[in-house]
Amino acid sequence: EIPSNENIGVISEAGCPCIADPGSLVVKIAHEKGLIVHPIAGPSSILMALMSSGFSGQSFAFQGYLPID
């Protein structure tokens, strides 16, 4: 049990936590327990949303950015 006034962090060896690593299971459990999940950094808002969603990143494929035009 985590006291309500405590913060915890999860560090991944992957380039992005929860993307192509099992960290998404930890995030999913955090959501189920009603904990707030904040991704700290990522290459794009799409990947940050996926990292903090609790969805599996094992089958996610990033195809690049949309053209500026």
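Further up the page is the structure itself.
Residues numbered from 1 in each chain as written. Predicted model: local features only at pLDDT ≥ 70, side-chain atom pairs only at ≥ 80, totals over all residues. Heavy atoms only, no water.

Caption draft 1: Highlighting the overall build of the protein chain. A count of helices and strands for the protein chain gives two helices and zero strands. Partitioning the intrachain contacts of the protein chain with sequence separation of at least 6 by distance along the chain shows that 46% fall at a separation of at least 24. In the structure as shown, the protein chain presents an accessible area of about 5,700 Å², 60% of it carried by carbon and sulfur atoms. (Helix = DSSP H or I, 4+ residues; strand = E, 2+ residues; numbered from the N terminus. Contact = heavy atoms within 4.5 Å. Areas by Shrake-Rupley, 256 points an atom, 1.4 Å probe, with all protein chains shown as cover.)

Caption draft 2: Here's a closer look at helix α1 (residues 23-32). Regarding α1, the residues found buried are Gly23, Ser24, Val27 and Ala30. Projected down its long axis, α1 shows its buried positions confined to an angular sector of 115°, all on one face. More than 90 degrees from the buried face of α1, the exposed residues found are Leu25 and Glu32. Buried residues along α1 sit in contact with α2 (45-53). Just past α1, the residue Gly34 takes up positive phi, approximately 80°. (Buried < 20%, exposed > 50% of the residue type's maximum accessible area, 1.4 Å probe, protein only. Arc of directions from axis to C-beta.)

Caption draft 3: Layout of the side chain of Ser52. Considering the arrangement of structural elements, one finds Ser52 in helix α2. We classify Ser52 as buried; its relative accessible area is 16%. Leaving out residues up to four positions away in the same chain, Ser52 has contacts with Val27, His31, Val37 and Pro39.

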